[in-house]
Amino acid sequence: MLKKIRQQIIQQGPKLMRLPLKATPFILERQILEQLLSWQFQQALNDGELDFLQNKWLRVEVQDVQLVWYISLQAGKIIVSKDQQADVSFCSDANDLILIAARK
């Protein structure tokens, strides 16, 4: 029973979060995303694995939530923008992006 509930939350969660995320001011989104990404990729940053993003922009589209962010690395820090000229683009559903971020 709990497994079914968990599966439903995972499947329906992004759709339920779409409206609240759309209503969130970008300055707050940016601050949260930069902190989460910096925390999640701290080891990769330290190892230089994200140096390819230096002064380049990665467009990340979360299809099921209908959100787009641009991510870059500047002065050794991950930064997020609302609109940039992308050098490369990546789109997926929220659950797949979470697995990628978790390196699974």
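An account of the accompanying structure is given in this report.

Along the backbone of the chain there are 4 helices and 4 strands. Across the chain, helices and strands are ordered from the amino to the carboxyl terminus as α-α-α-β-β-β-β-α. Restricting the contact set of the chain to residue pairs at least 6 apart, pairs at least 24 apart contribute 57%. When the accessible surface of the chain is summed, it comes to about 7600 Å², and 58% of that surface belongs to carbon and sulfur atoms.

A full pass over the atoms with the stated rule returns 1 salt bridge. Among the ionic pairs, E61 bridges to R59, the shortest N-O distance being 3.3 Å. Owing to a relative accessible area of 22%, R59 belongs among the partly exposed residues under this scheme.

The next point concerns the nonpolar core. Grouped together as the largest cluster of nonpolar side chains are 20 residues, with contacts concentrated most on L50, W69, I78 and V80. Broken down by secondary-structure element, the contributors of at least two residues to this core are α2 (26–40), α3 (42–47), β1 (58–62), β2 (67–74), β3 (77–81) and α4 (94–101). Tallying contributions element by element places β2 first for this core, with 4 residues. Apart from residues lying up to four places away in sequence, L50 is in contact with F41, A44, L45, L73 and I78.

To continue, consider a nonpolar patch on the surface. Residues I27, L28, I32 and L36 make up a contiguous nonpolar surface patch of about 370 Å² in total accessible area. Relative to the helices and strands, I27 is located in helix α2. What makes I27 exposed here is its relative accessible area of 60%.

Our next topic: the pairing of β1. Across the two faces of β1 the burial differs, with L58, V60 and V62 buried and R59 and E61 not buried at all. Note that β1 and β2 share 5 bridges and pair antiparallel. Note that in β2 the partner of R59 across the bridge is Y70. Taken together, β1 and the strand that follows it, β2, pair antiparallel across an intervening segment of 4 residues, in which Q66 is found at a positive phi of about 60°.

Now for α2. The end-to-end C-alpha distance of α2 is 20 Å, a good match for the 21 Å that 15 residues give at a rise of 1.5 Å each. When α2 is considered as a whole, its buried residues turn out to be F26, E29, L33 and L37. For α2, the buried positions fall inside an angular range of 55° around the axis, keeping them on one side. Those residues of α2 that are exposed and angled more than 90 degrees off the buried face are I27, Q35 and W39.

Glancing now at the sheet that holds β3. Ordered in space as β3-β2-β1-β4, the 4 strands form an open sheet in which the pairing is mixed. Two strands close off the open sheet at either side, each with one partner strand: β3 and β4 (88–92). Taking the axes of each pair of neighbouring strands and ignoring which way they run, one obtains an average angle of 25° across the sheet. Lying over the sheet, α2 contacts β2 and β3, oriented at roughly 150° with respect to β3.

What counts and what doesn't
- Residue numbers here run from 1 along each chain, matching the order of that chain's written sequence.
- For a predicted model such as this one, the threshold for reporting local features is a pLDDT of at least 70, and the threshold for listing and counting side-chain atom pairs is 80 or more; totals across whole chains, interfaces and linings nevertheless cover every residue.
- Side-chain numbers here rest on the full set of heavy atoms in the structure, without hydrogens or water.
- Here a helix means four or more residues in a row that DSSP labels H or I, a strand means two or more in a row labelled E, and each is numbered from the N terminus.
- Here, two residues are considered to be in contact whenever any of their heavy atoms come within 4.5 Å of each other.
- For the accessible areas, the method is Shrake-Rupley and the probe is 1.4 Å, while residue cover comes only from the protein chains on display.
- Only one rule defines a salt bridge in this text: a Lys or Arg side-chain nitrogen within 4 Å of an Asp or Glu carboxyl oxygen.
- Using a 1.4 Å probe on the protein chains alone, a residue whose accessible area is under 20% of its type maximum counts as buried, one over 50% counts as exposed, and one in between counts as partly exposed.
- Residue types Ala, Val, Leu, Ile, Met, Phe, Trp, Tyr and Cys, when buried and joined through side-chain atoms within 4.5 Å, form a set referred to as a nonpolar core.
- Each patch is assembled from residues with relative accessible area greater than 30% and no salt bridge, linking like charges that lie within 9 Å and nonpolar side chains (Val, Leu, Ile, Met, Phe, Trp, Tyr) that lie within 5 Å.
- Think of it this way: DSSP has to see at least two bridges between two strands before they count as a pair.
- A helix's residues, less one, multiplied by 1.5 Å, set its expected span.
- The directions from the helix axis to the C-beta atoms are what the arc is built from.
- For every element, the axis is a line fit to its C-alpha atoms; helices are fit only across the contacting stretch, and the angle between N-to-C directions ranges from 0 to 180 degrees.

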